[in-house]
Amino acid sequence: MTHDSRAEQPLDRTGPCARWPAEQGETIRQIVERAGDKWGVLVIGTLENGPVRYTDLQRSIPGISQRMLTHTLRQLRRDGLVTRTAYPEVPPRVEYALTGLGATLLDAVTALIDWAGTHHDEIVRNRARFDRDAAGS
């Protein structure tokens with residue numbers, strides 16, 4: 001059996017990945033994936049003004065299925081970004097809210113959503129041009 005010493009040498013990392021210890025990389029990538037996921041971003045942004053009922057969340061996020069909303073909320077709760085409060089009423093009422101930790105994402109999420117809205121038309125034009133050029137190649 002040969003020993004590959006390259007596996008033990010630290011990689012020269014640049015960009016955002018260089019900001020954290022290598023042993024934390026997997027968890028940090030998972031957190032970035034969750035917080036940066038399109039549905040996660042939209043749920044966090046929708047909870048900006050306080051607790052929201054499940055059905056109101058679903059109505060506020062066009063295109064999200066019940067299954068995807070349930071999955072997204074579950075993952076956000078697992079990461080401690082969102083709370084779920086069930087009230088013993090008839091009919092049952094369940095509300096979701098950002099935790100203090102989740103609220104720390106609001107500036108980044110709002111900036112991303114605003115950026116997408118501001119640059120929507122330019123991106124649509126760029127996509128059309130790219131697709132047209134790619135079809136002509």
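Residues numbered from 1 in each chain as written. Predicted model: local features only at pLDDT ≥ 70, side-chain atom pairs only at ≥ 80, totals over all residues. Heavy atoms only, no water.

1. Some thoughts on the packing of aromatic side chains
Consideration 1: Applying the stated criterion to the full structure yields one aromatic pair.
Consideration 2: Between Tyr54 and Tyr96 the ring centres are 6.4 Å apart and the planes differ by 55 degrees, which places this aromatic pair in the tilted class. Remark: Tyr96 occurs in strand β3 (residues 93-98) and Tyr54 occurs in helix α3 (residues 54-60); sequence separation between them is 42 residues.
Consideration 3: Classification of Tyr54 by relative accessible area gives buried; the value is 16%.
Consideration 4: Residue class for Tyr96 comes out buried when judged on its relative accessible area of 8%.
Consideration 5: Across from the ring centre of Tyr87, 3.8 Å away, lies the NZ or CZ of Arg93, which sits over that ring. (Phe/Tyr/Trp six-rings, centres within 6.5 Å; stacked < 30°, edge-to-face > 60°. Helix = DSSP H or I, 4+ residues; strand = E, 2+ residues; numbered from the N terminus. Buried < 20%, exposed > 50% of the residue type's maximum accessible area, 1.4 Å probe, protein only. Lys NZ or Arg CZ within 6 Å of the ring centre and 35° of its normal.)

2. Here's the deal with the nonpolar core
Consideration 1: Counting residues in hydrophobic clusters, the biggest one holds 20 residues, and the most contacted among them are Val43, Leu47, Leu57, Leu69, Leu73, Val82 and Tyr96.
Consideration 2: For this core, the secondary structure elements donating two or more residues are α2 (38-46), α3, α4 (66-78), β3 and α6 (106-118).
Consideration 3: If one sorts the elements of this core by residue count, α2 sits on top with four residues.
Consideration 4: In this structure Leu57 touches Thr46, Leu47, Val52, Leu69, Leu73 and Tyr96, once residues within four positions along its chain are discounted. (Core = buried A, V, L, I, M, F, W, Y, C linked by side-chain atoms within 4.5 Å. Contact = heavy atoms within 4.5 Å.)

3. Focus: the confidence of the model for the protein chain
Consideration 1: Considering every residue of the protein chain, the mean pLDDT works out to 88; 92% of them sit at 70 or more.
Consideration 2: In the predicted structure, residues 4-9 sits below a pLDDT of 50 and forms one contact with residues beyond four places in sequence or in another chain. (pLDDT = per-residue confidence, 0-100.)

4. Some points on the pairing of strand β2 (residues 82-87)
Consideration 1: With six bridges connecting them, β2 and β3 associate as antiparallel partners. Looking at β3, one finds that Thr83 is bridged to Ala97.
Consideration 2: Taking the residues that link successive antiparallel strands as the turn, the β2-β3 hairpin has five residues. (Pairing = 2+ DSSP bridges.)

5. Side note on the pattern of salt bridges
Consideration 1: All chains considered together, the criterion is met by four salt bridges.
Consideration 2: A salt bridge links Glu89 to Arg93; the nearest nitrogen and oxygen atoms lie 2.9 Å apart.
Consideration 3: Residue Glu89 is classed as partly exposed on the basis of its relative accessible area of 36%.
Consideration 4: On the basis of relative accessibility, which here comes to 18%, the residue Arg93 falls in the buried class. (Salt bridge = Lys/Arg side-chain N within 4 Å of Asp/Glu carboxyl O.)

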